[in-house]
Amino acid sequence: MRLTILWMLSASFLPGIPVRGQSLLLAGLHSARDELNIRRLASATSYLTRSYIASRMNTLVIRQSCLSCSPWLVLRQRRLVDEVLWGLAPYITVLLQRGTPEETSRDYTLFVVNDHQAFKEQDFAFPDEILEREFFFVVVVTELQPRKSIVDTASKIIVRNLRRKVINVVVVAQLEDGQVNTYAYKLFKKNCTAGITVWRSNYFDRATGQLKEAMPQLFSSFGDLSNCPLNVSANILPPHLIYTGQGGAPPSGREPVPAHDLSGIDWDVLQLLARALHFQINLYMPRETSQIFGEGNVSGCFAQLADRSAQLAIGGLSGSDKRRWQFSKSAVYHQTHFVLVVRRDRYLGRFGPLLQPFRGKVWACIVALLLLAVVSTCCLRSRLGLSHPLENLVLVSVGNPIPIQRLPGSGFLRYLLASWLLLTLVLRCAYQARFFDVLRMPHHRPLPEDLAGVIRANYTLVSNGYHDFYPLNQTQHLGESFATRFERVQLADAGEPLTTISLISNLAYWNHKHRNASQLTFVREPIYLYQLVIYFNRRSFLKPAVDRKIKQLLSAGIIAQIGRRYLSCEDLADADNDRSVLVRITWKIIIGASRIHLVVLAVAGGVFVLEWLSGRRTAGRMGRWMEWIQARI
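All values reported here derive from a predicted model rather than from experimental measurement.

> When you look at helix 16 (residues 558-566) in this model, what are you seeing that I'm missing?
Each α-helix winds once per 3.6 residues, and so residues spaced three or four apart point in a common direction. Residues Ile559, Ile562 and Gly563 constitute the buried set of helix 16. Along helix 16, the residues classed as buried sweep out an arc of 100 degrees about the axis, all on the same side. In helix 16, those exposed residues whose orientation departs by more than 90 degrees from the buried face are Arg564 and Arg565. For helix 16, the secondary structure elements touched by its buried residues are helix 6 (265-277) and helix 15 (542-555).

Shown next, in the form of structure tokens:
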């Protein structure tokens, strides 16, 4: 800097120097100033790469282009690249662009161009398999920019990136006085109108070469959508999205649904995303089913995404659909199983539970023992002259007492009677205990355990479409909601085996709402794992920000807590067919019966005390009162 000042002073105080000498001196000054500017720009680029890229990625692609450049500008750009390579060598691996396909798959790319036209001529495309990835571009403009047009140059470069569906871009440009600025952008303009707002995010001090302000991250995270409204298309699927408005049916698909008429797991997740990303929700519910039939043939929420009338689609939508490539999808925020739903039928009849406590061999032994006791009693009756022996046998077998005058007098007969009393007592206690367990667990007809068993049992699938995992001749088309198909299976005739497909969470919610009448359960083997996602337009700018928030909510356990709020473990388990998940009978369950028992004991104790007081001689009035009550009872 001192040398540059001295050269300038010498040029001003020496007017007599020949013209050629002045030209050489001015050329030297120009070269020294340009060298200083190149170092400033290279130092700023190296600092941004080391601080914000090297900590995330170990490889950086550098692509350079100089369109219609003068030899001086070509040399300047080459010097800049050399300085950047020298400054990045210990920190990150640099891959210079050679036109190979692997270069376009890198996450971070540094573009060195002379102006926005050179960047516009850059030809690159992303393969379909990596199209959903998030890419980051740093564009360095080597040509010095006037202060009036530098924002316009940055805006053109950013707009070009957005048209290529790359939203993470930062422009580094240098003013004519040598100051290096970084430019970013914000989504939406004032009053939430469509467009972007380009602004100077930071700049480097010319004297120290350091950032003027602390910058936590280089690229904009788009975590603030300025409280602008987004149109969301929703698919009703309890418990993921529940409509609680009056009438049971939501308004038409073109009318927004009030927020107070909605609930469910997906609705709570959507509200958390709106609160974190600062956007308002305009929610619409199409009447038709949300399906992807093929390219350009969609319905429901996907139709609203396709015609750009909605930016998001949510509501129990699967991320494993093989035709999902037509849209972008978020990270998985909830998982459940897709199962076959069948009806349970009781088969024991009216008196079946009375025979269920003991098995066939036990009942055979009991009957044989009773016959032996009856025959032995008849034989002893004629020899010993017993009175009413069969009547006494029946009385003591069911636990009733017999008169004392009917007891046998000999010791051997008393021993036989005591042994029979003990045996019948043990049998009665065992039967009561087993009978209680039978009544505690409902018994139904055996159900198929897997998909092949359902097909072999000749079940008819009631569905809103045809599926490749089930025979076409055993499928009945019913284009209605899950609740309608559940009722169809529930109310089917005894000789008409029907089944339908559903999410296990959807079935658990329906069974919880109809727990006093529902007979529906699911086949043990699931069809496949159902992953719930949010759908966007193809390569939407919302996807990266939503993905980051979903991962944060998952790692914090918030989405799992929301799921437990709407579905408990008891709702998801099938205790009627699986004894291992049967709820234990605890004191909390029988606390009501215990309270009634204590009340009865207290009343009985009070009556006993009153009876005792009325029996005393001094309690004349109490005695007459008790006699009056007994006479009325």
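> Sorry, what's going on with the layout of surface pockets here?
Empty space among the atoms becomes visible once a probe the size of a water molecule is rolled across them. Quantified by volume, the largest pocket comes out at close to 1,700 Å³. Along the wall of the largest pocket there are 50 residues; nearest its centre are Asn235, Thr289, Asn464, Phe482 and Arg485. Mapped by element, the contributors of at least two residues to the lining of the largest pocket are strand 9 (242-243), strand 12 (291-294), helix 13 (482-490), strand 19 (498-503), helix 14 (504-513) and strand 21 (528-532). Among the residues forming the lining of the largest pocket, the class breakdown is 26 nonpolar, 15 polar and nine charged.

> Could you clarify how one ought to interpret the nonpolar core in this entry?
Generally speaking, a soluble globular protein has its nonpolar side chains buried in company with each other. Ranked by size, the top nonpolar core spans 86 residues in total, and within it Tyr185, Leu283, Met285, Leu312, Ile534 and Val546 carry the most contacts. Among all residues touching Leu312, those that are not within four sequence positions of it are Leu230, Asn231, Val232, Ser233, Leu270, Leu305, Ile534, Tyr535, Phe536 and Leu542. Leu41, Leu48, Val81 and Phe136 belong to the second-largest nonpolar core, a separate cluster that totals 28 residues.

> In this structure, what is going on with the sheet that holds strand 15 (residues 328-329)? I would like to understand it.
The strands making up a sheet associate through backbone hydrogen bonding, with each pair oriented either parallel or antiparallel. Ordered in space as 11-8-14-22-15, the five strands form an open sheet in which the pairing is mixed. The sheet is open, and its two edges are formed by strand 11 (279-284) and strand 15, each paired on a single side. Strand direction decides the pairing type here: strand 8 (residues 228-234) and strand 11, joined by six bridges, are parallel. Bridge pairing in strand 11 places Leu230 opposite Ile281.

> Is there a simple way to explain the pairing of strand 4 (residues 136-141) in this structure?
The side chains of a regular strand alternate, first on one face of the sheet and then on the other. Most of strand 4 sits out of view: six of its six residues are buried. Burial of the side chains of strand 4 extends over both faces: Phe136, Val138 and Val140 are buried on one face and Phe137, Val139 and Val141 on the other. Bridge analysis of strand 3 (residues 108-113) against strand 4 gives six bridges, and the strand direction is parallel. Paired with Thr109 across the strands is Phe137, a residue of strand 4. Where strand 4 and strand 5 (residues 168-174) come together, five bridges link them in parallel fashion. Bridged to Val139 within strand 5 is Val171. With helix 5 (residues 150-163) bridging strand 4 and its parallel neighbour strand 5, the resulting β-α-β unit is right-handed.

> How do you make sense of the confidence of the model for the protein chain when you look at a structure like this?
It should be kept in mind that the predicted coordinates are not to be read in detail where pLDDT is low. The pLDDT averaged across the protein chain works out to 81; a share of 84% of its residues lies at or above 70. Scored below 50 in pLDDT, residues 1-29 shows 13 contacts in the model against residues more than four places distant or in partner chains.

> Could you clarify how one ought to interpret the pairing of strand 16 (residues 334-343) in this entry?
For strand 16, a buried count of eight out of 10 residues is recorded, marking the element as mostly surrounded by other parts of the structure. Bridging between strand 16 and strand 19 involves four bridges; their strand directions are antiparallel. Within strand 19, the residue paired with Val341 across the bridge is Thr500. Where strand 16 lies against strand 20 (residues 520-522), three bridges are found, and the strand directions are antiparallel. Each residue of the ladder has a partner; that of Val341, found in strand 20, is Phe522.

> Explain the packing of helix 13 against helix 14 here, please?
For any two helices packed against each other, one specifies the inter-axial angle together with the distance between the axes. Between helix 13 and helix 14, whose axes approach to 11 Å, the crossing angle comes to 65 degrees. Taken together, the axes of helix 13 and helix 14 lie roughly perpendicular to each other. Classified by chirality, the crossing of helix 14 by helix 13 is right-handed. Each of Phe482, Ala483, Phe486, Glu487 and Gln490 in helix 13 lies in contact with helix 14, whose residues at this interface are Asn506, Leu507 and Trp510. Looking at side-chain class alone, the contact of helix 13 with helix 14 contains five nonpolar, two polar and one charged residues.

> What is the right way to read empty space enclosed by the protein from this model?
A full pass over the atoms with the stated rule returns two cavities of 30 Å³ or more. By volume, the largest cavity is sized at about 170 Å³. Lining the largest cavity we find 15 residues, and of these Arg133, Glu134, Lys165, Ser540 and Pro544 sit closest to its centre. Counted by class, the lining of the largest cavity contains six nonpolar, three polar and six charged residues.

> Where do I start with the environment of Leu532 in this structure?
With respect to the secondary-structure elements, Leu532 resides in strand 21. With 201 residues separating them in the primary sequence, Leu532 and Ala331 have C-alpha atoms 8.6 Å apart.

> I tried to follow the state of the cysteines on my own but got confused; where do I start?
What is meant by a disulfide is a covalent connection between two cysteines, made through their sulfur atoms. Scanning the model with the defined rule gives two disulfides in all. Across the disulfide from Cys66 sits Cys69; the S-S distance is 1.7 Å. Here the S-S torsion is close to -115 degrees, and the disulfide linking Cys66 with Cys69 is therefore left-handed. Exposure remark for Cys66: the relative accessible area of 27% places this residue in the partly exposed category. The disulfide bridge from Cys192 ends at Cys228, spanning 2.2 Å between sulfur atoms.

Quick notes on the rules
- Here, residues in each chain are numbered from 1, in the same order as that chain's written sequence.
- Only residues with pLDDT of at least 70 are given local features in this predicted model, and only at 80 or more are side-chain atom pairs given and counted; all residues enter the totals for whole chains, interfaces and linings.
- The side-chain values count all of the structure's non-hydrogen atoms but skip hydrogen atoms and water molecules.
- Relative accessibility decides the category of a residue: with a 1.4 Å probe and only protein chains considered, values under 20% of the type maximum give buried, values over 50% give exposed, and everything between is partly exposed.
- The secondary structure listing takes helices from DSSP runs of H or I that are at least 4 residues long and strands from runs of E that are at least 2 residues long, numbered from the N terminus.
- Think of the arc as the fan of directions from the helix axis to the C-beta atoms.
- Two residues qualify as a contact provided that any one of their heavy atoms is within 4.5 Å of a heavy atom in the partner residue.
- Points on a 1 Å grid, built from protein atoms alone, make a cavity when a 1.4 Å probe fits but cannot get out and make a pocket when they are open with protein on both sides within 12 Å along at least 5 of 7 lines; residues with an atom within 4 Å of a point are the lining residues.
- Grid points are joined across faces, edges and corners, and a volume is the space filled by probe spheres set on the points.
- Amino acids outside the nonpolar list (Ala, Val, Leu, Ile, Met, Phe, Trp, Tyr, Cys, Pro) and the charged list (Asp, Glu, Lys, Arg) are all regarded as polar, and Gly is one of them.
- Joining through side-chain atoms within 4.5 Å is the link that ties buried Ala, Val, Leu, Ile, Met, Phe, Trp, Tyr and Cys residues into a set, and such a set is a nonpolar core.
- When DSSP finds at least two bridges between two strands, those strands are taken to pair.
- Seen with the strands pointing away from the viewer, any crossover whose path from the first strand over the helix to the second strand runs clockwise is right-handed.
- Each residue gets a pLDDT score, which is the predictor's confidence in that residue and runs from 0 to 100.
- Fitting a line to C-alpha atoms yields each axis, with helices limited to the stretch in contact; the angle taken between N-to-C directions then spans 0 to 180 degrees.
- Here is the rule for angles: anything less than 35 degrees is roughly parallel, anything more than 145 is roughly antiparallel, 65 through 115 is roughly perpendicular, and the remaining ranges are oblique.
- It is the rotation of the near helix from the far one that decides the hand of a crossing: anticlockwise by less than a right angle makes it left-handed, clockwise makes it right-handed.
- Here, the term disulfide refers to a pair of cysteine sulfur atoms separated by no more than 2.5 Å.

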